[in-house]
Amino acid sequence: GYDFAFWNQRCVDYRPIYVTRWVGWSFAIPTLNFMNLYPIMDDETALTVLARLFPQQANSWAYCWACCLGCIIPDPWMGWFLITLGCVAYIVVIVDEAVLVCDRLLTTSQPFLKGYSIIVKECIFIIYTCIYLCGLWGFASSYACQRFYTVSD
């Protein structure tokens, strides 16, 4: 994924943004959310679960692209607005997921295993978001962020 490379306009150092990676994330994250939450709705059909999770998946897609565009457009005010909008959309996804889990977890089979899986995924996503923001705010270099992503992936 080295096509469509742009310089990140929000970083204090030079960090390339590869749009093809963001395309991949905009499909991978909603798919991961579906795969992670479908097991707690084990008494529903896949189509019913997909309909319930569609707003969450749309928000996931939107926060990927808001953060991507926020990094590559030259206007700093609009860039930071889009990044903030992306983070708010991410918080909405977390809240919706928490509501769904609280509603469904105790009625599903193997609640401990399924709940643990969701907690681990959310912790990892929150840590990724913090590293992403630390890189943008200049608290971590681009090299340190990329090294973290490489080790944790």
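All of these numbers come straight from a predicted model, not from anything done at the bench.

*Asks:* Whenever I open this one, helix H3 (residues 76-104) confuses me. Can you help?
*Replies:* Each turn of an α-helix holds 3.6 residues, which means side chains three or four residues apart point in the same direction. A rise of 1.5 Å per residue sets the reference length of H3, with its 29 residues, at 42 Å; its end C-alpha atoms lie 42 Å apart and thus fit the reference within 8%. Looking only at H3, the buried set comprises Gly79, Leu82, Ile83, Gly86, Cys87, Ala89, Tyr90, Val93, Glu97, Leu100, Val101 and Arg104. Where the residues of H3 are buried, they touch helix H1 (19-37), helix H2 (46-72) and helix H4 (111-137).

*Asks:* Would you mind showing me how to read the pattern of salt bridges here?
*Replies:* Note that side chains of opposite charge can pair when their charged atoms are close. Counted by the stated rule, this structure contains six salt bridges. Here Lys121 makes a salt bridge to Glu97, at a shortest N to O gap of 3.0 Å. Highlighted residues: Lys121 in helix H4 and Glu97 in helix H3, separated in sequence by 24 residues. Here Lys121 and Glu97 have matching classes, each one buried. Glu122 is the salt-bridge partner of Lys121, the closest N and O atoms lying 2.8 Å from each other.

*Asks:* When you look at the packing of aromatic side chains in this model, what are you seeing that I'm missing?
*Replies:* What describes a pair of aromatic rings is the distance from one ring centre to the other and the angle between the planes of the rings. All told, the structure shown has nine aromatic pairs when counted by the stated rule. For the ring pair Tyr63 and Tyr90, a centre distance of 5.3 Å and an interplane angle of 75 degrees mean the geometry is edge-to-face. Here Tyr63, found in helix H2, pairs with Tyr90, found in helix H3; they are 27 residues apart in sequence, far enough to count as distant. Given a relative accessible area of 10%, Tyr63 falls into the buried group. By relative accessible area, Tyr90 is classed as buried at 6%.

*Asks:* Help me understand H2, please; the structure alone is not making it clear to me.
*Replies:* Between its terminal C-alpha atoms H2 stretches 37 Å, which fits the 39 Å expected from 27 residues at 1.5 Å a residue. Roughly 50 degrees is the biggest bend found in H2, and it falls at Leu53, with proline Pro55 one to four residues downstream.

*Asks:* Teacher, can you tell me more about the packing of H4 against helix H5 (residues 142-152) here?
*Replies:* When two helices pack together, their arrangement is given by the angle between their axes and by how far apart the axes lie. Look at H4 against H5: their axes get within 10 Å of each other, and the N-to-C directions meet at 160 degrees. Looking at the two axes, H4 sits roughly antiparallel to H5. Judged by the sense of rotation from one axis to the other, the crossing of H4 with H5 is left-handed. Together, Ile127, Tyr128, Ile131, Tyr132 and Gly135 of H4 and Cys145, Phe148, Tyr149 and Ser152 of H5 make up the contact between the two elements.

The rules behind these values
Residues numbered from 1 in each chain as written. Predicted model: local features only at pLDDT ≥ 70, side-chain atom pairs only at ≥ 80, totals over all residues. Heavy atoms only, no water. Helix = DSSP H or I, 4+ residues; strand = E, 2+ residues; numbered from the N terminus. Expected span 1.5 Å × (residues − 1). Buried < 20%, exposed > 50% of the residue type's maximum accessible area, 1.4 Å probe, protein only. Contact = heavy atoms within 4.5 Å. Salt bridge = Lys/Arg side-chain N within 4 Å of Asp/Glu carboxyl O. Phe/Tyr/Trp six-rings, centres within 6.5 Å; stacked < 30°, edge-to-face > 60°. Bend = angle between axes of the 7 residues up to and from the residue. Axes fitted to C-alpha atoms, helices over the stretch in contact; angles between N-to-C directions. Parallel < 35°, antiparallel > 145°, perpendicular 65-115°, else oblique. Left-handed = near helix turned anticlockwise from the far one by under 90°.

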